[in-house]
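As a plain string of letters, each chain reads:
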Amino acid sequence: MTILVTGGAGYIGTHTLIELLQAGHQVVVYDNLCNSSRIAVQRVEEITGKKVDLIQADICDRQSLDQTFSTYEIDAVIHFAGLKAVGESVEKPLTYYQNNVSGTATLCEAMSAAGVKQLVFSSSATVYGDPQSLPIREDAATGATNPYGRTKLFIEEMLRDLSISDPAWRIALLRYFNPVGAHPSGLIGEDPQGIPNNLFPYITQVAIGQRQTLSVFGDDYATIDGTGVRDYIHVVDLARGHLCALERQNSNPGLLTVNLGTGQGYSVLEMIKAFATASGCDIPYQVVARRPGDIASCYADPSLAHEELGWKAEKGLDEMCRDGWNWQSRNPHGYKPAV
Ligand code: NAD
Ligand code: WQD
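The rules behind the values
Residues numbered from 1 in each chain as written. Chains lettered and ligands numbered in written order. Predicted model: local features only at pLDDT ≥ 70, side-chain atom pairs only at ≥ 80, totals over all residues. Heavy atoms only, no water. Near = heavy atom within 4 Å. Polar contact = N/O pair within 3.5 Å; in protein donor to acceptor, adjacent residues only side chain to side chain. Areas by Shrake-Rupley, 256 points an atom, 1.4 Å probe, with all protein chains shown as cover. Helix = DSSP H or I, 4+ residues; strand = E, 2+ residues; numbered from the N terminus. Nonpolar A, V, L, I, M, F, W, Y, C, P; charged D, E, K, R; others polar. 1 Å grid on protein atoms, 1.4 Å probe; cavity = no way out; pocket = protein on both sides within 12 Å on 5 of 7 lines; lining within 4 Å. Points joined across faces, edges and corners; volume = space filled by probe spheres on them. Core = buried A, V, L, I, M, F, W, Y, C linked by side-chain atoms within 4.5 Å. Buried < 20%, exposed > 50% of the residue type's maximum accessible area, 1.4 Å probe, protein only. Contact = heavy atoms within 4.5 Å. Arc of directions from axis to C-beta. Pairing = 2+ DSSP bridges. Axes fitted to C-alpha atoms, helices over the stretch in contact; angles between N-to-C directions. Salt bridge = Lys/Arg side-chain N within 4 Å of Asp/Glu carboxyl O.

A look at the site of ligand 1
Reasoning step 1: By nearness alone, 27 residues border ligand 1, and D31, N35, S36, N99 and Y148 come closest of all.
Reasoning step 2: Note that an oxygen atom of ligand 1 is positioned 2.9 Å from one of the side-chain N or O atoms of K152.
Reasoning step 3: For ligand 1, whose unbound accessible area comes to 820 Å², protein coverage reaches 95%.
Reasoning step 4: The biggest single contributor to the shell around ligand 1 is strand β5 (residues 118-124), with three residues.
Reasoning step 5: Of the residues that constitute the shell around ligand 1, the class distribution is 13 nonpolar, ten polar and four charged.

Shown next as structure tokens:
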């Protein structure tokens, strides 16, 4: 198949390109590079030995989308493109609604006009808000707590309506838990701009000496040690999930919503310990106040993904930390050259 990968130069996108290319698919990356680098795509070419076309354009730009669909014979779209910083979404909600929600509507219009009706969408466990019960099943109540999360919820609803309006659409809503780690080659990985918002890249930057101390946001939650618990998933496992979703769509039209998580939660302190062991580095930390909007615990019931997609996470916490450290230590400045 030929797959258009929006946001394909980003963290999860590049890892998914590798799985797609290694499975024999052709890929076209469509990315405005607002949060990524073309070097990441070159690294994918290096890892796979295959050529990747990169179109630097915006999903809000209908003309560029139309041109892309007329240049390539696209069979399906994996749609990663979006802004993802929770704090920024609180400050600039309209930017998030415009980019994520309107951008997705424009993409779907262009797909429809081109007769391409197979879509895999990057949703998030953030749509569950503060879950009522754990582990979280796909039929749990939804309700996001910030504008970023609401863009995911609104897009899910929009895509549900689209699939009802025209049964020819094949749509997978993949709700990711917390992706971490990197490709084992150490050539691609997460490269946050500025101060990382998320725990894992913050830990790796403390380990490499770029940041002095990790702030642990609260140790008074009702969890194993008082710190927040999350379902961390190796990005390569997550990437494989997209391939499984595409394969399932080939024999099943309609809309499917699935969690992609491991089912196992780890606390912040457990993460620090595991990373220190894997890297051999000290991770100095101090406990500070809770981060507003954070929840105590969040982990998936991943059984539906196993039943429907034949997918299951295979890589454990040690591998997540080892591969994350391999990427960070080989690329201390991410894709940027050393200064
Ligand atoms: P990322 O920022 O590394 O990748 C997103 C890519 O989309 C970037 O390359 C960026 O340049 C591109 N992009 C953004 N807006 C665009 C636009 N208007 N037009 C074209 N390209 C655009 O993020 P990621 O971690 O790889 O996340 C991929 C997707 O998965 C996002 O939709 C994100 O919301 C979702 N997601 C991520 C996480 C996570 O923790 N990383 C968790 C759940 C869901
Ligand atoms: C994990 C745990 C923090 C940083 C966010 C988004 C979510 C999703 C993934 C896309 C929590 C604690 C963190 C730090 C800390 N993205 N922490 N010190 O909050 O589960 O999810 O990213 O959809 O939408 O909300 O992930 O990595 O930020 O935090 O103590 O410097 O680590 O309090 O318990 P989170 P995270």
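Structure's up, so let's keep going.
With respect to the layout of surface pockets
Reasoning step 1: Empty space within the second largest pocket amounts to approximately 250 Å³.
Reasoning step 2: Along its surface, the second largest pocket is lined by 21 residues, and D191, P192, Q205, Q210 and Q328 are the ones closest to its centre.
Reasoning step 3: For the lining of the second largest pocket, the elements supplying multiple residues, two or more each, are α7 (199-207) and α11 (317-330).
Reasoning step 4: Of all the elements, α7 adds the most residues to the lining of the second largest pocket, at four residues.
Reasoning step 5: Residue classes in the lining of the second largest pocket are distributed as seven nonpolar, ten polar and four charged.

Examining the site of ligand 2
Reasoning step 1: Taken together, 18 residues lie near ligand 2, and S124, Y148, S215, R230 and D294 sit nearest.
Reasoning step 2: With respect to ligand 2, the side chain of Y148 contributes an N or O atom lying 2.6 Å from an oxygen atom.
Reasoning step 3: At 2.5 Å from an oxygen atom of ligand 2 is found a side-chain nitrogen or oxygen belonging to D294.
Reasoning step 4: Protein burial of ligand 2: of its 690 Å² of free accessible surface, 87% is covered by the chains.

Remarks on the nonpolar core
Reasoning step 1: L20, L174, L260 and L309 are the most contacted members of the largest nonpolar core, which has 41 residues in total.
Reasoning step 2: If one sorts the elements of this core by residue count, helix α8 (residues 235-251) sits on top with seven residues.
Reasoning step 3: Residues in contact with L20, not counting those within four places in the same chain, are I3, V5, H25, V27, I78, L243 and L246.
Reasoning step 4: Formed by 24 residues, the second largest nonpolar core is a distinct cluster that contains L4, Y30, W169 and I171.

Thoughts on helix α2 (residues 38-48)
Reasoning step 1: Looking only at α2, the buried set comprises A40, V41, R43, V44 and T48. For α2, the arc enclosing every buried residue in end-on projection is 155 degrees, short of the 170-degree limit, so these residues lie on one face.
Reasoning step 2: Of the surrounding elements, those touching the buried residues of α2 are α1 (11-22), β3 (53-56) and α11.
Reasoning step 3: In the segment just after α2, G49 is the residue with positive phi, at about 70 degrees.

Description of the sheet that holds strand β6 (residues 170-176)
Reasoning step 1: In spatial order, the strands read β3-β2-β1-β4-β5-β6-β11; together these seven strands make up an open sheet with parallel pairing. Only two strands of the sheet have a single neighbouring strand rather than two, namely β3 and β11 (254-260). The average angle at which neighbouring strand axes cross in this sheet is 20 degrees, direction not considered.
Reasoning step 2: Sheet topology places strand β1 (residues 2-6) next to strand β4 (residues 76-79); four bridges connect them, and they run parallel. Bridge pairing in β4 places I3 opposite A76.
Reasoning step 3: Here α8 sits on the sheet and contacts β1, β4, β5, β6 and β11; the angle it forms with β6, its principal contact strand, is near 155 degrees.

What to know about the environment of A296
Reasoning step 1: Mapped onto the elements, A296 comes out in the loop between β13 (285-288) and β14 (297-298).
Reasoning step 2: Classification of A296 by relative accessible area gives partly exposed; the value is 23%.
Reasoning step 3: As a C-alpha pair, A296 and P192 span 104 residues in sequence and 24 Å in three-dimensional space.
Reasoning step 4: If we skip the residues at most four places from it in the chain, A296 touches Y221, T223, G228, V229 and R230.

Describing the pattern of salt bridges
Reasoning step 1: Applying the stated criterion across every chain yields a total of 20 salt bridges.
Reasoning step 2: Note that E88 and K92 form a salt bridge whose closest N and O atoms lie 3.7 Å from each other.
Reasoning step 3: Note that E156 and R160 form a salt bridge whose closest N and O atoms lie 3.4 Å from each other. Linking E156 with R160, this pair stays in helix α6 (residues 147-165), spanning four residues, or about one helical turn.
Reasoning step 4: For R160, a relative accessible area of 23% gives the class partly exposed.
Reasoning step 5: Connected via shared salt-bridge partners are E156, E157, R160 and R175.

Comments concerning the sheet that holds strand β9 (residues 229-230)
Whether parallel or antiparallel, the strands of a sheet pair through hydrogen bonds between backbone atoms.
Reasoning step 1: Strands sit in the order β12-β9-β14 across an open sheet of three strands; the sheet is mixed. A strand with exactly one partner marks an edge of an open sheet, and here the two such strands are β12 (266-267) and β14.
Reasoning step 2: Sheet topology places β9 next to β12; two bridges connect them, and they run antiparallel. What sits directly across from R230, in β12, is Y266.

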